[in-house]
Amino acid sequence: FCHTRQHAIALNIALAQRGYAVDELHGDLSQTKREQVMKRFREAKLQVLVVTDIAARGSDIAGVTHIFNYDIPRNAETYIHRIGRTGRAGQRGMAVTFVAPGEQTFLSVIEQGIGASIKRHSAKAVKNIEDKRSGGVPVSPKRPQAGFGSAPKRSAKNAAGHGGNNLRSSRK
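Residues numbered from 1 in each chain as written. Predicted model: local features only at pLDDT ≥ 70, side-chain atom pairs only at ≥ 80, totals over all residues. Heavy atoms only, no water.

Enquirer: When you look at helix H5 (residues 104–114) in this model, what are you seeing that I'm missing?
Expert: Count 3.6 residues to each turn of an α-helix, and residues three or four apart come out pointing the same way. Among all positions in H5, only Leu107, Ile110 and Glu111 are buried. Axial view of H5: buried residues confined to an arc of 100 degrees, hence all on one face. Of the exposed residues in H5, those oriented more than 90 degrees away from the buried face are Thr105 and Gln112. Directly beyond the C-terminal end of H5, a positive phi value near 70 degrees is found at Gly115. (Buried < 20%, exposed > 50% of the residue type's maximum accessible area, 1.4 Å probe, protein only. Helix = DSSP H or I, 4+ residues; strand = E, 2+ residues; numbered from the N terminus. Arc of directions from axis to C-beta.)

Enquirer: Is there a simple way to explain the side chain of Asn69 in this structure?
Expert: You can see Asn69 is positioned in strand E3 (residues 66–69). Given the relative accessible area of 0%, Asn69 is considered buried. When residues no more than four places from it in sequence are discounted, the contact partners of Asn69 are Phe1, Tyr79, Arg82, Ile83, Val96, Thr97 and Phe98. (Contact = heavy atoms within 4.5 Å.)

Enquirer: Help me understand the packing of aromatic side chains in this model?
Expert: Working definition: an aromatic ring pair is given by the centre-to-centre distance plus the angle between the planes. Summed over the entire model, instances satisfying the criterion amount to two aromatic pairs. When the ring of Phe68 is compared with that of Phe98, the centres are 6.5 Å apart and the planes differ by 25 degrees; the resulting orientation is stacked. Remark: Phe98 occurs in strand E4 (residues 94–99) and Phe68 occurs in strand E3; sequence separation between them is 30 residues. Take Phe68: its relative accessible area is 39%, and that puts it in the partly exposed class. Among the aromatic residues, those joined into a cluster by ring pairs are Phe68, Tyr70 and Phe98. The ring centre of Phe106 lies 4.1 Å from the NZ or CZ of Arg74, which sits over that ring. (Phe/Tyr/Trp six-rings, centres within 6.5 Å; stacked < 30°, edge-to-face > 60°. Lys NZ or Arg CZ within 6 Å of the ring centre and 35° of its normal.)

Enquirer: What's the story with unusual backbone geometry in this structure? I'm lost.
Expert: What is expected of a backbone is that most residues other than glycine have negative phi and most peptide bonds are trans. The residue Ala44 is not glycine, and still its phi comes out positive at about 60 degrees. Mapped onto the fold, Ala44 is located in the loop between helix H2 (31–42) and strand E2 (48–51).

Enquirer: Got a minute to help me understand the packing of helix H4 (residues 76–83) against H5 in this structure?
Expert: Each pair of packed helices can be described by the angle between their axes along with the distance between the axes. Put simply, H4 and H5 touch, their axes get as near as 8 Å, and they point 75 degrees apart. Looking at the two axes, H4 sits roughly perpendicular to H5. Taking contact as the criterion, the partners of Ala76, Tyr79 and Ile80 in H4 are, on H5, Val109, Ile110, Gly113 and Ile114. Its residues placed into classes, the contact of H4 with H5 shows six nonpolar, one polar and no charged. (Axes fitted to C-alpha atoms, helices over the stretch in contact; angles between N-to-C directions. Parallel < 35°, antiparallel > 145°, perpendicular 65-115°, else oblique. Nonpolar A, V, L, I, M, F, W, Y, C, P; charged D, E, K, R; others polar.)

Enquirer: Would you take a moment to explain the environment of Glu77 for this structure?
Expert: As for its position among the elements, Glu77 is in helix H4. Assessed through its relative accessible area of 60%, Glu77 is described here as exposed. In sequence terms Glu77 and Ile114 are 37 residues apart; their C-alpha atoms lie 8.6 Å from each other.

Enquirer: What am I meant to see in the pattern of salt bridges here?
Expert: Side chains that differ in sign of charge can pair as their charged atoms come close. Going through the model one piece at a time under the given rule, you end up with eight salt bridges. The partner of Glu43 in a salt bridge is Lys45, and the shortest N-O contact between them spans 3.1 Å. Classification of Glu43 by relative accessible area gives partly exposed; the value is 38%. Taking the relative accessible area as the measure of exposure, Lys45 reaches 51% and is therefore exposed. Here Glu103 ties to Arg74 by a salt bridge, and the two come within 3.9 Å at their closest N and O atoms. In this pair, Glu103 sits in the loop between E4 and H5 while Arg74 sits in the loop between E3 and H4, placing the two residues 29 residues apart along the sequence. (Salt bridge = Lys/Arg side-chain N within 4 Å of Asp/Glu carboxyl O.)

Everything listed here is a matter of coordinates, which is why it stays silent on function.
Below, the structure written as structure tokens:
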């Protein structure tokens, strides 16, 4: 999730340049283009779908295992809406929120709104976990990393995070 169309486009380009099957969904797309993108995502022809909050309203896609908040939500309602896209119907899912320096206030607002604290992890800790999972061998972006799709079931009381310099993740 990104706040703006510009962020969604830039992130889409950056991920595509790294070899991911990715596309973007935002309010400036025609209905035809939007339907084409959603069809490709539902058919698992895309690994990543970069969306804005407005474009995601009303979208219901089964089988989403991970949500990444590239831009931190500004309030608890948006946070809940975003992370509610994963882990549906008793399935497992994980939401990860990236928090840049200076965005701690938004994180506090979210925690107050959901009535739970979100555990922080440093970017260095995340790299160490990835290194252990891959045996120190870089993982190709063209295939899922170890553990992809098998995240713990999310609950408001079971929140974990990474920090972006603090990258944050929350499980619900």
